Amino acid sequence: MHFEDSDFSKTFHYDKVVSKFATYYLLDDFFIMEVNEGEHFNWDKLNKLLDSLRDHYGNHKTLAYIANRVNSYSIDPVLWSYFDKDDSILIAASIVSYRDSSFMNANIEKQMASIPMKRAHSLAEAINWVQQLKEFN
């Protein structure tokens, strides 16, 4: 389910950003990204996303990320190793998978990630997990 089609879009305050490769929703402590159909999410797109996040949140905000995989796209799983750096803006991530193949890919990505990662079957499950993170409580 797309974020804007969910009840969450009516209960949370957010800013919407539409880029060439994705739409993302910026909330207080996390953001939700929906990558466009057929895209390949790579280093260049990650850097554009991070620049946009820093423009919105500043350089010292820490965030959780929810990948709402409503579309079929590919991602370079090595990107998750970037967030091992001390200056990373991301402290946790959840991947919402609506298909078995996407869930299996998330298993591989989880092994590559050095930040906490939750694989979820729904947007509600991912948002609930993010809201329970000790860093935000």
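Quantities reported herein were computed from a predicted structural model and do not represent experimental measurements. (Residues numbered from 1 in each chain as written. Predicted model: local features only at pLDDT ≥ 70, side-chain atom pairs only at ≥ 80, totals over all residues. Heavy atoms only, no water.)

K.L.:
Mind showing me how you'd approach the overall build of the protein here?
P.N.:
Along the protein, the regular secondary structure elements total four helices and eight strands. Element order for the protein, N to C, with α for helix and β for strand: α-β-β-β-β-α-β-β-β-α-β-α. Counting only C-alpha atoms and orienting by the principal axes, one finds that the protein spans roughly 35 × 35 × 30 Å. In the protein, which comprises 137 residues, the share counted as buried stands at 46%. Of the roughly 7200 Å² of accessible surface on the protein, 48% is carried by carbon and sulfur atoms. Taking the average location of the 14 positive side-chain charges in the protein and that of its 20 negative ones, the two points are 2 Å from each other. (Helix = DSSP H or I, 4+ residues; strand = E, 2+ residues; numbered from the N terminus. Buried < 20%, exposed > 50% of the residue type's maximum accessible area, 1.4 Å probe, protein only. Areas by Shrake-Rupley, 256 points an atom, 1.4 Å probe, with all protein chains shown as cover. Lys, Arg positive; Asp, Glu negative; His and termini not counted. Charge placed at Lys NZ, Arg CZ, Asp CG, Glu CD.)

K.L.:
Explain the packing of aromatic side chains to me, please; I cannot follow it from the model alone.
P.N.:
Each aromatic ring pair is specified by the distance between its two centres and by the angle formed by the two planes. Scanning all chains against the criterion turns up eight aromatic pairs. Ring centres of Phe8 and Phe12 lie 6.1 Å apart, and the angle between their planes is 25 degrees; on these two criteria the pair is classed as stacked. With a centroid separation of 4.9 Å and 20 degrees between ring planes, the pair formed by Phe31 and Tyr65 is classed as stacked. Separated by 34 residues along the polypeptide, Phe31 in strand 3 (residues 30-35) and Tyr65 in strand 5 (residues 63-69) bring together distant segments of the chain. The burial state of Phe31 is the same as that of Tyr65; both residues are buried. (Phe/Tyr/Trp six-rings, centres within 6.5 Å; stacked < 30°, edge-to-face > 60°.)

K.L.:
Honestly, the nonpolar core in this entry has me stumped. Any pointers?
P.N.:
One recurring pattern in soluble globular proteins: nonpolar side chains tend to sit buried together. One finds Phe31, Met33, Phe41, Leu53 and Trp80 to be the most contacted residues of the largest nonpolar core, which totals 30 residues. Top contributing element to this core by residue count: helix 2 (residues 43-57), with five residues. Setting aside its immediate chain neighbours within four residues, Phe41 contacts Phe21, Met33, Val35, Leu46, Leu49, Ser74, Ile75, Asp76 and Leu79. In terms of nonpolar packing, the next biggest core, distinct from the first, is built from 17 residues, Ala120, Ala126, Val130 and Leu133 among them. (Core = buried A, V, L, I, M, F, W, Y, C linked by side-chain atoms within 4.5 Å. Contact = heavy atoms within 4.5 Å.)

K.L.:
When you look at the sheet that holds strand 2 (residues 22-26) in this model, what are you seeing that I'm missing?
P.N.:
In sheet architecture, strand pairing relies on hydrogen bonds along the backbone and comes in two forms, parallel and antiparallel. An order of 1-2-3-5-7-8 is seen for the six strands of this open sheet, with the pairing classed as mixed. This sheet does not close on itself; its edge strands, each paired only once, are strand 1 (15-18) and strand 8 (117-120). For this sheet the average axis-to-axis angle between neighbouring strands, irrespective of direction, equals 20 degrees. Two elements, strand 2 and strand 3, share five bridges in a ladder whose sense is antiparallel. If you follow Leu26 over to strand 3, its bridge partner there is Phe31. (Pairing = 2+ DSSP bridges. Axes fitted to C-alpha atoms, helices over the stretch in contact; angles between N-to-C directions.)

K.L.:
In this structure, what is going on with helix 4 (residues 123-131)? I would like to understand it.
P.N.:
Three or four residues apart is the spacing at which side chains of an α-helix point the same way, because the helix has 3.6 residues per turn. Every buried residue of helix 4 is listed here: Leu123, Ala126, Ile127 and Val130. Buried positions in helix 4, seen along its axis, are confined to an arc of 95 degrees and lie on one side of it. Elements in contact with the buried residues of helix 4: helix 1 (8-11), strand 3, strand 5, strand 7 (90-97) and strand 8. (Arc of directions from axis to C-beta.)

K.L.:
Honestly, the pairing of strand 2 in this entry has me stumped. Any pointers?
P.N.:
Every other side chain in a regular strand lies on the same face of the sheet, so the side chains alternate between the two faces. Within strand 2, five of the five residues are buried, leaving the element largely enclosed by the surrounding structure. The loop that links strand 1 with its antiparallel partner strand 2 comprises three residues. Here strand 2 folds back onto strand 3 in antiparallel fashion, the turn holding three residues.

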